[in-house]
Amino acid sequence: MLKIALVQQSAWDLPVDSMPLAAGYLKAVLDADPDIGPEVDVRIHNMRGGWPVNEMTRAIFSEEVPDVLAFSVVGWNYRNFSLLAEVHKQLKPDGLTVFGGNHVSHQAQKVFRECPDVDIVVNGEGELTFRELVAAVLADRRAPAFAAVPGLSYRTSGQDFSTTPERARIDDLDIIPSPFLTGAIPLLDEKGNFPYEFALMETNRGCPYRCSFCYWGGATGQRVRSFSRDRLAAELDLFGYHQVPTVFLCDANFGMLEADEEFTEDLLKIHEKYGFPTSLEANWAKNKSQRFHRIVRTLKQNGFKSSFTLALQTLSDEALTDMRRRNMKLNQWQDLAEWLAAEGMESFVELIWGAPGETVESFLDGYDRIAEKVPRIAVYPLLLLPNTDYSEKRELHGFVTVRGESDDFEYVLASRSASLAENFAMQRFMFLARILGENQYFKRLWHPARLLAGMTQSQVIHSLLEWIDASEHPSVVAFREAFPVLAESPAVATGHRMLHSDPELDAEVERWWNERVVSRFPAAWVEFGPHLYRFERLSRPVYQPPGASMPEGWRLDANGDAYVSQDLTAFPFDVIAAYEQLAAGVLTPPEPNPTSYEFRSRRGFYLHLDNHETGAHYFATATPLAPETPAPAAPKPLDLVPEGHVRRSGVSTASR
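Before going into details, it helps to say that this report is about the structure given with it. (Residues numbered from 1 in each chain as written. Predicted model: local features only at pLDDT ≥ 70, side-chain atom pairs only at ≥ 80, totals over all residues. Heavy atoms only, no water.)

**Focus on the packing of aromatic side chains**
By convention here, two paired aromatic rings are described through the distance between centres and the angle between planes. What the rule picks out here adds up to 37 aromatic pairs. For the pair Tyr367 and Phe429, a centre-to-centre distance of 5.4 Å together with 75° between the ring planes defines the contact as edge-to-face. Within this pair, whereas Tyr367 is found in helix α12 (residues 360-371), its partner Phe429 is found in helix α15 (residues 420-438), the two being separated by 62 residues in sequence. Through a chain of ring-to-ring contacts, three or more aromatic side chains come together here, namely Tyr441, Phe442, Trp446, Trp512, Trp513 and Phe521. Looking at Arg534, its charged tip hangs above the ring of Phe571, at a distance of 3.9 Å from the centre. Stacked on the ring of Tyr618, the Lys or Arg Arg602 has its end atom at 4.3 Å from the ring centre. (Phe/Tyr/Trp six-rings, centres within 6.5 Å; stacked < 30°, edge-to-face > 60°. Helix = DSSP H or I, 4+ residues; strand = E, 2+ residues; numbered from the N terminus. Lys NZ or Arg CZ within 6 Å of the ring centre and 35° of its normal.)

Structure, rendered in structure tokens:
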């Protein structure tokens, strides 16, 4: 029996597992092959992002040492996996170590130079190549005929290697067995709960674009190929049966194809049948057609939660040209943002800082123009990824880069249009902008700051930066010291948790708001400003780490599934009505109107704080109550379940 270990590691240190989709495909392919399946023992090792190498070493090797150790490699785990390959070679010198994934595809020269214990690099789609690779090992374990396997590079001696002919893309994706329907990826843990952050699905592969910063079109192919509708519907049915709350589509452009409407129809049928899934996240089509509009409206009408991405990346014409990207015109994205708002659908904009042709001034100008319509902006630092146009033309663009300390990404420090000093300053801006805007720590504060205090969104962020730099409060000092040199996602998640977990830090932010922003409001609005921040705080998701006591001011509902404000929360204004008027551009000051609200927030935010898309589903709703409404009775003691787990009753679903 050939022992095979498939290893994945997620990007961030989440308190919940990420679904090992790539490893699941490989296991499903091997298990389904009538000649290979009976001869192999395939195990998936799914590692969390924060696990150190020694912990992963124990997880992989403590019970047995695999004959074949295969890694799904991305920039964030490249170095860790190289170290694990070294351990493997010490334990089993004749074992085989395989690297695959977009980050190493067609990068054999670099991999074999930097990772002396890696034997094979898979180029392109890996399922069929890996199956043939394993078949070659089974046929002759001492001297496998790798030269006969298309789509790989294999070490011959030292740093010397040989590369076989490129493998054609898989036309019929259904020949890859489903990792869900075959059970290659289990959907329940030992307690009967769905154990992942969300369910990952592919409905198709490929991308028709070849943006300079992205390897999607180059690595997965420009021609789009789809899985069959019947297969996808069967997978959705399984997700619904097991009460999977969120499906995240790995497609490059969901909403572009007719098949995407069919998928939406099937998703809604499954939801009607089981009550699950309840939310859909996706990489939405770059060009928003009428098909996209129909899908969005249909999801909204059926109560689905989703965040819709406007992947603008920049508003700079020069930067767009170098990106090789045909972007939406200004009036088009504005119209789309207004349409989404009118439909009651949340949207956010993606921007990239550091593109050649972009200056600090042009970026902040575009950022503020966008923020007037869509305050939720995700700003990502430019990375030079392998197999991209930017990476191949680095000298033309004057890139200065640095490799991450614990990853293999190249972070852009300067280009022909932005200096090193400017970039370091923008990294601090991005760090705070990602927490406040992308993750929506500020959700209702942007429009009042712009309309009443005359501050653009970037000016608000810079004002808070100045406040943080000048503060001597211990909580603020600790937060300031958490600012990274590079605005990487793990650092952003750390800063975000600090704000949610330290009431004194939030109180200092509130003090900044009142002293630096509300003080600039017209006199008739000044009294309203502090109450808006208090409303903002109560509207945020409730943060409760496992084992922590109930957050102050909150109780659990009768089912233990949601947080509810402990007592009616009174305000001297109808904050919701006043804010909605203001957001619509009506500057008439609110009249006193004592209003009490009941706030309600889903449980589980602690597990999803690091992901701004799924985290957005946990914001509290505020329900205005009549003045005579009595305060809620004290709740009965509850048999609490750990946050993020689903209470199930009736028959067990473990046998499904």
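**Focus: the sheet that holds strand β16 (residues 383-384)**
Overall, antiparallel pairing links the 3 strands, which are arranged β16-β18-β17 in an open sheet. Either end of the sheet is taken by a strand with one partner, and the two such strands are β16 and β17 (400-403). (Pairing = 2+ DSSP bridges.)

**Remarks on the sheet that holds strand β8 (residues 199-201)**
In spatial order, the strands read β8-β11-β12; together these 3 strands make up an open sheet with parallel pairing. A strand with exactly one partner marks an edge of an open sheet, and here the two such strands are β8 and β12 (279-284). The average undirected angle you get between the axes of adjacent strands in this sheet is 20°. In this sheet, strand β11 (residues 246-254) lies alongside β8 in parallel orientation, the contact comprising 3 bridges. Of the residues in β11, the one forming a bridge with Ala199 is Val247. Packed onto the sheet, helix α8 (residues 258-274) meets β8, β11 and β12 and runs at close to 170° relative to β11. (Axes fitted to C-alpha atoms, helices over the stretch in contact; angles between N-to-C directions. Contact = heavy atoms within 4.5 Å.)

**Details of the side chain of Thr246**
If you trace the backbone, Thr246 turns up in strand β11. Only 2.5 Å separates the side chain of Thr246 from the side chain of Ser279, close enough to count as a polar contact. Excluding its chain neighbours within four sequence positions, the residues that come into contact with Thr246 are Phe198, Ala199, Ser279, Glu281, Thr614 and His617. (Polar contact = N/O pair within 3.5 Å; in protein donor to acceptor, adjacent residues only side chain to side chain.)

**A word on unusual backbone geometry**
Cis peptide bonds are those with omega within 30 degrees of zero, and the linkage from Phe276 to Pro277 qualifies with -10°. By the element assignment, Pro277 lies in the loop between α8 and β12. Of note, Gln313 is a non-glycine position whose phi angle comes to about 70°, a positive value. By the element assignment, Gln313 lies in strand β13 (residues 307-313). In this model, Gln440 sits at a positive phi of 60°, which is unusual for a non-glycine residue. Structurally, Gln440 can be placed in the loop between α15 and α16 (446-453). What makes Gln440 buried here is its relative accessible area of 6%. (Buried < 20%, exposed > 50% of the residue type's maximum accessible area, 1.4 Å probe, protein only.)

**As for the nonpolar core**
One recurring pattern in soluble globular proteins: nonpolar side chains tend to sit buried together. Of all hydrophobic cores here, the largest spans 115 residues; its most connected members are Phe442 and Trp513. The element that contributes the greatest number of residues to this core is α15, accounting for 8 residues. The residues contacting Trp513, other than those within four sequence positions of it, are Leu445, Ala449, Val518, Phe521, Gly529, Leu532 and Tyr533. In this structure, Ala23, Leu26, Ala136 and Tyr154 belong to the second largest nonpolar core, which totals 24 residues. (Core = buried A, V, L, I, M, F, W, Y, C linked by side-chain atoms within 4.5 Å.)

**Side note on the environment of Ala282**
Take Ala282: it is sitting in strand β12. Note on Ala282: relative accessible area 0%, which makes it buried. Distance from Ala282 to Gly398, taken between C-alpha atoms, is 34 Å for residues 116 residues apart in sequence.

**Considerations on the layout of surface pockets**
Where empty space is left becomes clear once a probe the size of a water molecule has been rolled over the atoms. Taken as a whole, the second largest pocket encloses approximately 1,300 Å³ of empty space. Along its surface, the second largest pocket is lined by 42 residues, and Gly344, Met345, Glu346, Lys443 and Arg444 are the ones closest to its centre. Counted by class, the lining of the second largest pocket contains 19 nonpolar, 12 polar and 11 charged residues. (1 Å grid on protein atoms, 1.4 Å probe; cavity = no way out; pocket = protein on both sides within 12 Å on 5 of 7 lines; lining within 4 Å. Points joined across faces, edges and corners; volume = space filled by probe spheres on them. Nonpolar A, V, L, I, M, F, W, Y, C, P; charged D, E, K, R; others polar.)

**What to know about the pattern of salt bridges**
Under the defined criterion, the tally for this structure stands at 44 salt bridges. With a shortest N-O distance of 2.8 Å, Arg511 and Glu508 are connected by a salt bridge. Taken as a pair, Arg511 and Glu508 lie in helix α20 (residues 503-517) at a separation of 3 residues, close to a single helical turn. A relative accessible area of 36% means that Arg511 is categorised as partly exposed. Across the pair Asp557 and Arg600 runs a salt bridge whose closest N-O atoms are separated by 3.1 Å. With Asp557 in the loop between β19 (554-556) and β20 (562-565) and Arg600 in strand β22 (residues 595-602), the pair connects residues that are 43 residues apart, well separated along the chain. Look at Arg600 and you get partly exposed, because its relative accessible area is 34%. Here the salt bridges do not stand alone but share partners, grouping Lys110, Arg113, Glu114, Arg394, Arg403, Asp408 and Glu410 into one network. (Salt bridge = Lys/Arg side-chain N within 4 Å of Asp/Glu carboxyl O.)

**Overview of α20**
With 15 residues, α20 should reach 21 Å at 1.5 Å per residue; the first-to-last C-alpha distance of 20 Å fits that figure. All buried positions along α20 are accounted for by Leu505, Asp506, Glu508, Val509, Glu510, Trp512, Trp513 and Val517. For α20, the elements touching its buried residues are α16, α17 (457-470), α18 (474-481), α19 (489-501) and α21 (528-539). Between a side-chain oxygen at the N-terminus of α20 and the backbone nitrogen of Glu504 the separation is 3.0 Å; the capping residue is Asp502. (Expected span 1.5 Å × (residues − 1).)

**Some details on a nonpolar patch on the surface**
Taken together, Leu420, Phe424 and Val485 make up a surface patch of nonpolar side chains, about 250 Å² in accessible area. Here Val485 lies in the loop between α18 and α19. (Patch = residues over 30% accessible without salt bridge, like charges linked within 9 Å, V, L, I, M, F, W, Y side chains within 5 Å. Areas by Shrake-Rupley, 256 points an atom, 1.4 Å probe, with all protein chains shown as cover.)

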